[in-house]
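# Architecture and fold: a report
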Amino acid sequence: MTLTKTKESSMKNSTTKDSQEKDKWYRIALSVVILLTVVTRFHKVLEPDHVCWDETHFGKMGSWYINRTFFFDVHPPLGKMLIALSGKLTGYNGTYPFEKPADKYNGTNYEGMRVFCTALGAAIVPMAFETVSDLTGSVQAAFISAGYIIFDVGMITLNQYILLDPPLLFFMAASVMGMVKVSKFTQNQSFTRRWWQWLMFTGTMIACTISVKFVGLFVVLLVGFQTISDLWNVLGDLSKPIFYSIYQLAARAFALILWPIILYIFFFYIHLSVLNKSGNGDGFYSSGFQSRLIGNSLYNASMPREVAYGAIITLKNHKTGGGYLHSHFHLYPKTVGARQQQVTTYTHKDDNNKWLIKPYDRETFGKKNVTIVKNGDLVRLEHFQTRRNLHSHNEKAPITVKHFQNGTGDANDIFKILIVNGREGDPIETVSTKFKLIHYFQHCAVTSPGKQLPKWGFEQQEVSCNPNLRDKNVLWNVEDNYFEMLPNVSFHVYAPSFISRFLESHAVMLQGNAGLKPKEGEITSRPWQWPINYKGQFFSGGNFRIYLLGNPIIWWSNLVFMALFLLTYFIAAVKQQRGYEESEEIQKKEYKWRSLNAGMWLFMGWILHYLPFWAMGRVLYFHHYFPAVIFNSMLTGVMFNYLAERMPNWMKHVAIGTIFGILSYSFKLFQPLAYGFADASTESNSTMFGLRWLESWEF
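Keep in mind that this is a model prediction, so the values were computed, not measured.

Attention now moves to the overall build of the chain. Counting its secondary structure elements, the chain contains 16 helices and 17 strands. Projected onto its principal axes, the C-alpha positions of the chain cover 115 × 75 × 55 Å. Per-residue burial for the chain yields a buried fraction of 53% across its 699 residues. Counting only contacts in the chain whose residues sit at least 6 apart along the sequence, the fraction spanning at least 24 positions is 74%. Counting only carbon and sulfur atoms, one obtains 59% of the accessible surface of the chain, whose full area is about 31,800 Å². Each charge class in the chain can be summarised by its mean position, and for the 67 positive and 51 negative side chains these summaries are 4 Å apart.

We now examine the state of the cysteines. Counting across every chain of the model gives one disulfide. Across a sulfur-sulfur distance of 2.1 Å, Cys 444 and Cys 465 are joined as a disulfide pair. Its torsion about the S-S bond being 95 degrees, the disulfide of Cys 444 and Cys 465 is classed as right-handed. Highlighted residues: Cys 444 in the loop between strand S10 (435-439) and strand S11 (445-447) and Cys 465 in strand S13 (residues 464-466), separated in sequence by 21 residues. The residues Cys 444 and Cys 465 share a single accessibility class, namely buried. Cys 208 takes part in no disulfide bond, and the closest cysteine sulfur to it belongs to Cys 117, at a distance of 15 Å. For Cys 208, a relative accessible area of 7% corresponds to the buried category.

With that settled, the discussion passes to the UniProt feature "domain: MIR" (unreviewed entry) in the chain. Using the residue numbers shown here, the UniProt feature "domain: MIR" (unreviewed entry) corresponds to residues 304-360 and 425-481. Annotation note: span residues 425-481, helix share 0%, strand share 33%, distance between end C-alpha atoms 20 Å.

Turning our attention to unusual backbone geometry. The linkage connecting Glu 47 with the following residue, Pro 48, adopts the cis geometry, with an omega of -5 degrees. Although it is not a glycine, Trp 53 adopts a positive phi angle of roughly 45 degrees. Along the chain, Trp 53 falls in the loop between helix H1 (2-42) and helix H2 (55-67). By relative accessible area, which is 14% here, Trp 53 ends up buried. Positive phi is not limited to glycine here, since Ala 102 has a value of about 85 degrees.

Turning our eyes to something else, we now look at empty space enclosed by the protein. Considering all chains together, one arrives at seven cavities of 30 Å³ or more under this definition. If you add up the space inside the largest cavity, you get close to 120 Å³. What lines the largest cavity is a set of 16 residues, among which Leu 168, Leu 169, Val 215, His 624 and Pro 627 lie closest to the centre. Those elements giving two or more residues to the lining of the largest cavity turn out to be helix H7 (165-186) and helix H15 (626-644). Split into classes, the residues belonging to the lining of the largest cavity amount to nine nonpolar, five polar and two charged. In this structure, the second largest cavity encloses a volume near 80 Å³. Phe 70, Phe 71, Phe 72, Asp 73, His 75, Pro 77, Lys 80, Phe 268, His 271, Tyr 285, Ser 505 and Met 509 together form the lining of the second largest cavity. Elements that contribute at least two residues to the lining of the second largest cavity include exactly helix H10 (242-274) and helix H12 (498-514).

At a minimum axis distance of 10 Å, the contact between helix H4 (residues 111-136) and H15 shows a crossing angle of 45 degrees. Viewed along their axes, H4 and H15 adopt a mutual orientation that is oblique. Between H4 and H15 lies a crossing whose hand is right-handed. Where H4 approaches H15, its residues Ile 124, Ala 128, Thr 131, Val 132 and Thr 136 are matched on the opposing element by Ile 630, Met 634 and Val 638. Within the contact of H4 with H15, the residues separate by chemical class into six nonpolar, two polar and no charged.

Okay, the packing of aromatic side chains next. Tallied over the full model, the rule gives 55 aromatic pairs. Pairing Tyr 440 with Phe 441 gives two aromatic rings, centres 5.4 Å apart and planes at 70 degrees, and the pair type is edge-to-face. Lying over the aromatic face of Tyr 324, Lys 316 brings its terminal NZ or CZ to 4.7 Å of the ring centre.

Its location among the elements puts Asn 369 in the loop between strand S5 (354-359) and strand S6 (378-383). In the structure, Asn 369 is positioned 240 residues away from Phe 129 in sequence and 79 Å away in space, judged by C-alpha atoms.

Moving on to a nonpolar patch on the surface. On the surface, Phe 191, Trp 196, Trp 232, Leu 235, Ile 242, Phe 243, Ile 246, Tyr 247, Phe 254, Leu 258 and Ile 262 cluster together to form a nonpolar patch covering roughly 1,100 Å² of accessible area. The set of elements that each furnish at least two residues to the nonpolar patch consists of helix H9 (217-235) and H10. Of the residues forming the nonpolar patch, the biggest block, seven residues, is contributed by H10. Note that Trp 232 resides in helix H9. Since its relative accessible area comes to 65%, Trp 232 is described here as exposed.

Reading the values: the criteria
Residues numbered from 1 in each chain as written. Predicted model: local features only at pLDDT ≥ 70, side-chain atom pairs only at ≥ 80, totals over all residues. Heavy atoms only, no water. Helix = DSSP H or I, 4+ residues; strand = E, 2+ residues; numbered from the N terminus. Buried < 20%, exposed > 50% of the residue type's maximum accessible area, 1.4 Å probe, protein only. Contact = heavy atoms within 4.5 Å. Areas by Shrake-Rupley, 256 points an atom, 1.4 Å probe, with all protein chains shown as cover. Lys, Arg positive; Asp, Glu negative; His and termini not counted. Charge placed at Lys NZ, Arg CZ, Asp CG, Glu CD. Disulfide = S-S within 2.5 Å. UniProt positions renumbered as here; feature names shortened; annotations may be inferred. 1 Å grid on protein atoms, 1.4 Å probe; cavity = no way out; pocket = protein on both sides within 12 Å on 5 of 7 lines; lining within 4 Å. Points joined across faces, edges and corners; volume = space filled by probe spheres on them. Nonpolar A, V, L, I, M, F, W, Y, C, P; charged D, E, K, R; others polar. Axes fitted to C-alpha atoms, helices over the stretch in contact; angles between N-to-C directions. Parallel < 35°, antiparallel > 145°, perpendicular 65-115°, else oblique. Left-handed = near helix turned anticlockwise from the far one by under 90°. Phe/Tyr/Trp six-rings, centres within 6.5 Å; stacked < 30°, edge-to-face > 60°. Lys NZ or Arg CZ within 6 Å of the ring centre and 35° of its normal. Patch = residues over 30% accessible without salt bridge, like charges linked within 9 Å, V, L, I, M, F, W, Y side chains within 5 Å. Salt bridge = Lys/Arg side-chain N within 4 Å of Asp/Glu carboxyl O.

Printed below as a string of structure tokens:
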């Protein structure tokens, strides 16, 4: 009995000592990681002192938030609101124009926004360290994963500027860390205060991720899969009653579904409340939406309720994000149908959006006898600036060749107005009436197919005449109505509710996202190029060049370790399925499967943040791959440590030292790409010439 107690006491002391030793190395490793992160991320954070790449967009949007000016963007608002808040708190007044890359800041307080974004990007590294440590229980694996992220010059570049990527990556990494913490504490600390804190933290972080960019949905899916796995394991624990599983399901439904939805809607409420002044994005939204914007022509507007002949009006296409019927003096080119005046839609307020509505058979209007335009009337629309009539004829449209071309000027100017679900004699009312313009001779409907015209059309939207009268894009409404002979009424009653504006905002954003096209001369890329680091992109040119490119040693070795993981996991799974028992200690077997399962979750994170881009039709850029890189780098740390654990201690230490030596040296070689260089690599005497390992690298 005495011997047994002594042995148990000895084992307990040994376990306690091992735990204390592990905690000591954990603190040392985390301290080194934080130190290296701060040094590498904040070095030259304020250089260059000019606008770099998409700072021209997101810095400008930060200014609009500070000035409360409404704008249109394809992304949800949280990231831009945080950038604006950081600028406001650090003295930026929202007056710098952010017109184009390379514009000098010239004393503008841009520093706070740069440092804020850099701090968010820096926090990714310790969170990745913590995630891998919890997944594997290995400080070494966590340290290697963190090293792969620290020494990646591309990750430094992307996280040092006023962009949406730093908040996106920060919230994504925090979501994954929270997910792993919840799974860890579910095993034996469910429903404790700590468990609830991490569960609510995870729900908050996934809400924030998707509130920065819609690609945050990918991490929501990852957290969802992990939650399903946890609930399945809970259900299989026969020591717990079935009601315990129901409680787990209810808790996660609240924290990971309902709570994120509430937060997401709340962020949009702040967004729409702050941006209450008219701006250049008004035209993307419906007439009712615009009536809530101070300074817009529809805000507290007083206009005639009904449309009369002789009124000057603007016509807005009723589809989501529809523009205004527009024309200008320029003609269609010789190669496009009849050489007549162009008719387009334009999403901004402009005098060229104004039209005079006339009866089909006369040019003069009675001053005393006002005639209201009604359902079924035949009308002509005269462009107010150029004095030419809206027109259609049997010529192919410039882009949508199955439609007829619209232009200006002759007997083909007559259109019939048909109100949707209208009765004969119903009047055309400002804002609220939806109607079609049917060409009297061609029997086609004026439509805006949503296709962009080339440079000759100033990249405005095509307008054509569609023989298919059921086309969903043929609906129009009168937005502005100028006519002195009718009394004005207030249009405040047509202002939509918050929920209506929330839903319309999403419809416009999703449509804008799907229709993103590259600007002239802009460098784009395809998903196959990303993992192999085929091509980067310039963030800054001239005498201070910044080039976004992943550290090739890190990125290429990431692919090697991913392949090794898939091979190792496949072999281990086949052996287990065939009942092959390896001659290993139980502890080693547990570590093996813990590491492989950790790798599988990280591999799933990589898949979810990479494969969907193959199915996207919108324009894509190299920086879209960086969320996937974080998962790949964490997977590399897990796999490297898994293989190193099978080596003798001396060889394991040599391997870890070697990998960090290689990472450090590769960082030293490629760090000018992140911190700035002056000369081009195409010149043989350039310091960068020897680093151009691939012809596709353009630095």
